[in-house]
Amino acid sequence: MRIYTNLSRLSKYKSETPNEREMSMLSVAGALALSSNCTPHKVGAVVFKRNRVLARGYNRLGGHPFQHRWNQKGATLHAEMHALLLAHKDREDVEGADIAVSRWAKSGTDGCSFPCNHCLPALQYSGIRNVICFSDNHVPVKVKISCD
């Protein structure tokens, strides 16, 4: 499996407008973000396949050993990693699934929620096909991240 190495710009990926179901999952991710105990940015993530939610996560204080595999050595467990961990804990097959990620800034506005350079390879390795997120200009987009 080829994993993208230069992940700095969202424009490098094929994107399209999310459908109604994907927008509802993005809303669920936004609601989950409010559960976060991180103050600068609250992020929520929902892993889903078709109409079934496989796992939900939000960023929180405290790390996890799984993060270190992806060179993420912070004191915060990112929402995407949290959702993947819960999916694997429940033995859910995330191959071919999508993930919706929503981020809320301290000011209460949504922000670019495309996964960071540490989370994106973990999502690709797990078999996630698409990321539904907000772009830099606050527009919801569906971004294909799988290599097939």
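Note that the structure is a prediction, hence the values are computed from the model and not measured.

Novice: Can you walk me through the sheet that holds strand 8 (residues 140-144) in this structure?
Specialist: The pairing of strands in a sheet happens through backbone hydrogen bonds and is either parallel or antiparallel. Within the open sheet, the six strands sit side by side as 1-8-7-6-2-3. Their pairing is mixed. A single partner strand is all that each edge strand has here, and the edge strands are strand 1 (15-16) and strand 3 (52-58). With two bridges joining them, strand 1 and strand 8 adopt antiparallel strand pairing. Across the sheet, E16 pairs through a bridge with K142, a residue of strand 8. Each of strand 2 (41-49), strand 3, strand 6 (98-105), strand 7 (130-134) and strand 8 is contacted by helix 1 (residues 20-33), which is oriented at about 140° to strand 2, the strand it contacts most.

Novice: Any chance you could explain unusual backbone geometry here in plain terms?
Specialist: Trans peptide bonds make up most of the peptide bonds, and negative phi angles are found at most residues other than glycine. A positive phi angle, close to 60°, is found at R91, a residue other than glycine. Judged by its relative accessible area of 77%, R91 falls in the exposed class. Backbone geometry at H138 places phi at a positive 65°, although glycine is not the residue there. Take H138: it is sitting in the loop between strand 7 and strand 8. For H138, a relative accessible area of 42% corresponds to the partly exposed category.

Novice: Is there a simple way to explain the confidence of the model for the chain in this structure?
Specialist: Low-pLDDT portions of the prediction should not be read for the details of their coordinates. Summing up the model confidence of the chain, the mean pLDDT is 82 and the portion of residues at 70 or higher is 83%. The secondary-structure element of the chain with the lowest mean pLDDT is helix 2 (residues 65-68), recorded at 58, while strand 3 shows the highest, at 94. Here residues 1-8 is modelled with pLDDT under 50, and outside its nearest four sequence neighbours on either side it reaches 18 contacts, counting other chains as well.

Novice: Help me understand the pattern of salt bridges, please; the structure alone is not making it clear to me.
Specialist: A pair can form between side chains of opposite charge whenever their charged atoms are brought close. One pass over the full model with this rule turns up five salt bridges. Close ionic contact of R52 with E92 constitutes a salt bridge, the shortest N to O distance being 2.9 Å. With R52 in strand 3 and E92 in the loop between helix 3 (79-89) and strand 6, this pair connects stretches of sequence that are 40 residues apart. The residue D98 makes a salt bridge to R129 at a minimum N-O spacing of 3.4 Å. Taken together, the positions of D98 in strand 6 and R129 in the loop between helix 4 (119-126) and strand 7 put the pair 31 residues apart, joining distant regions of the chain. If you follow the salt bridges from partner to partner, you end up with E16, E22 and K142 in one network.

Novice: Teacher, can you tell me more about the pairing of strand 7 here?
Specialist: Taken across its five residues, strand 7 has five buried, putting it largely inside the fold. Burial along strand 7 is two-sided: the face carrying N130, I132 and F134 and the face carrying V131 and C133 are both buried. In terms of handedness, the path from strand 6 via helix 4 over to strand 7 forms a crossover that is right-handed. Two strands pair when backbone bridges link them, and strand 7 and strand 8 are joined in this way by five bridges, in the antiparallel orientation. Note that in strand 8 the partner of F134 across the bridge is P140. In this structure, the hairpin formed by strand 7 and strand 8 is closed by a connection of five residues, where H138 is found at a positive phi of approximately 65°.

Rules and cut-offs
Residues numbered from 1 in each chain as written. Predicted model: local features only at pLDDT ≥ 70, side-chain atom pairs only at ≥ 80, totals over all residues. Heavy atoms only, no water. Pairing = 2+ DSSP bridges. Helix = DSSP H or I, 4+ residues; strand = E, 2+ residues; numbered from the N terminus. Contact = heavy atoms within 4.5 Å. Axes fitted to C-alpha atoms, helices over the stretch in contact; angles between N-to-C directions. Buried < 20%, exposed > 50% of the residue type's maximum accessible area, 1.4 Å probe, protein only. pLDDT = per-residue confidence, 0-100. Salt bridge = Lys/Arg side-chain N within 4 Å of Asp/Glu carboxyl O. Right-handed = clockwise from strand over helix to strand, strands pointing away.

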